[in-house]
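Structural overview for review
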Amino acid sequence: MPVITCIEDLKRLHQKRTPKMFWDYCESGSYTEQTFRENSSDFARLRFRQRVARDLTGRVLESTMAGEKVSMPVALAPVGSTGMQHPDGEIHAARAAAKFGVPYTLSTMSICSIEDVATASPTPFWFQLYVMTDEDFVDAIIERARAAKCSALVLTLDLQILGQRHKDLKNGLTSPPKLTIPNLINIATKPRWALGMLKTPRRQFRNIVGHVKDVKKLSDLTAWANEQFDPKLDWSKVTRIRDQWKGKFILKGVLDAEDAKMAADAGADAVIVSNHGGRQLDGALSSIRMLPSIVRAIGDRTEVWMDGGIRSGQDVLKALAMGAKGTMIGRAYIHGLGAMGEAGVTAALEVIRKEMDITMALCGERDVKAMGRHNLLVPEDFEGRWA
């Protein structure tokens, strides 16, 4: 295994070992990619306060997220087509997360099915739901998540209409990839990926294929998926799904304080401040810039977490210091997965944990739950003044 010192090391290996269309799917945003870029770059505007001459023994990173004990306040975010970044990718990620003691969230648009992951994972995981116009499918997949003993349902709110991602259109993104001459030439340069894909039967969206009438092949699936994200999703549907699920209920994709209040009213056990990794509304503010206003609006009513742009343990600590009770990472662990499978996901989590531990200590803290605004220097205009 190469020496891994940061997420950037894993990112380089990921790009080297994964076909171009799936690398681009991971490392891209919608339209101009302004929000995608600023999700990460805005963290650099926040600075830590260095504190000295303090007892730094017995440091603690353990916390809880939605009542579950976690080894650090970090969960693996739902990422579609994870099984195309690495063969059986969802299974590898779920196993790594379980062994590390952090939650894993399986996407509706996963390559490995709920049942595949439930069979392979040593602990319960969370399931992320996209609301489709096919209500029978939605009802059935909620019941499948319950049968698999998923410990929380994560309902994504910000994908009623699919944002345009130029690279995906230009690459002709599909799962599995269409065997065009450019794709075959590119895949030939990724022998480890290609061999792994040949060995696994999991090469399409197994939560959908075989579970939806008349969806049996790639062309059927593409047509179905393009028409299915529900543009009529509203708060009445959110509460209906909450009542059907009856368990831990998490709402993801909130980027406005008024919407956050509605999410809290809907009974969310946690609200995730997120802009879908910059893949939906380009030109929206970054998650870290919107986090404080949402914490002020609902932080005394429910847990507020943050997702988007986190590439280091320092970023996690900055989010916590700005008021988040937990965080989600997506691309950071996907880079590990694409680089080295389960071992790469573990490496990504180890990088983040070590960075959190050392940085927290140098800020003068011994318990991650003590991180707050007193640990940061925040620009006066960080949240911005908008007419």
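Up top is the structure.
Figured I'd write up the structure that's included with this text. (Residues numbered from 1 in each chain as written. Predicted model: local features only at pLDDT ≥ 70, side-chain atom pairs only at ≥ 80, totals over all residues. Heavy atoms only, no water.)

Let's talk about helix 3 (residues 34-41)
Within the sequence span of helix 3, burial applies to T35, F36 and N39. Buried residues of helix 3, seen end-on, are gathered within an arc of 110 degrees and therefore sit on one face of the element. (Buried < 20%, exposed > 50% of the residue type's maximum accessible area, 1.4 Å probe, protein only. Helix = DSSP H or I, 4+ residues; strand = E, 2+ residues; numbered from the N terminus. Arc of directions from axis to C-beta.)

Focus: helix 10 (residues 191-199)
Among the residues of helix 10, W193, G196 and M197 are the ones counted as buried. Here the buried residues of helix 10 occupy an arc of 100 degrees about the axis, which is enough to place them on one side. Within helix 10, the exposed residues directed more than 90 degrees away from the buried face are P191, L198 and K199. On its buried face, helix 10 sits against helix 1 (7-17), helix 2 (20-26), helix 4 (82-85) and helix 9 (181-188). (Contact = heavy atoms within 4.5 Å.)

A word on unusual backbone geometry
For the bond running from S175 to P176, omega is 0 degrees, close enough to zero to count as cis. Structurally, P176 can be placed in the loop between helix 8 (166-171) and helix 9. A positive phi angle is found at H276, which is not glycine, with a value near 60 degrees. On the accessibility criterion, H276 (11% relative accessible area) is buried.

Details of the pattern of salt bridges
The full count for this structure, using the stated rule, is 23 salt bridges. Notably, a salt bridge pairs K261 with E258, separated by 3.4 Å at the nearest N-O pair. Linking K261 with E258, this pair stays in helix 13 (residues 257-265), spanning three residues, or about one helical turn. Through salt bridges with shared partners, a single network forms among D88, D116, R202 and R206. (Salt bridge = Lys/Arg side-chain N within 4 Å of Asp/Glu carboxyl O.)

Quick notes on the pairing of strand 8 (residues 248-254)
Of all seven residues that make up strand 8, six are buried, and the element is covered over most of its length. As judged from the four bridges shared by strand 8 and strand 9 (residues 270-273), these two strands associate in the parallel manner. Looking at the pairing, I250 lines up with A270 of strand 9. (Pairing = 2+ DSSP bridges.)

Section: the side chain of S274
Here S274 is to be found in the loop between strand 9 and helix 14 (287-298). Other than its neighbours up to four places away in sequence, S274 contacts D158, K252, G253, V254, L255, S287 and D307.

What about the packing of aromatic side chains?
What the rule picks out here adds up to four aromatic pairs. Judged by centre distance (5.6 Å) and plane angle (15 degrees), the rings of W126 and W305 are stacked. Separated by 179 residues along the polypeptide, W126 in strand 6 (residues 126-129) and W305 in strand 10 (residues 303-307) bring together distant segments of the chain. Judged on exposure class, the residue W126 and its partner W305 are both buried. (Phe/Tyr/Trp six-rings, centres within 6.5 Å; stacked < 30°, edge-to-face > 60°.)

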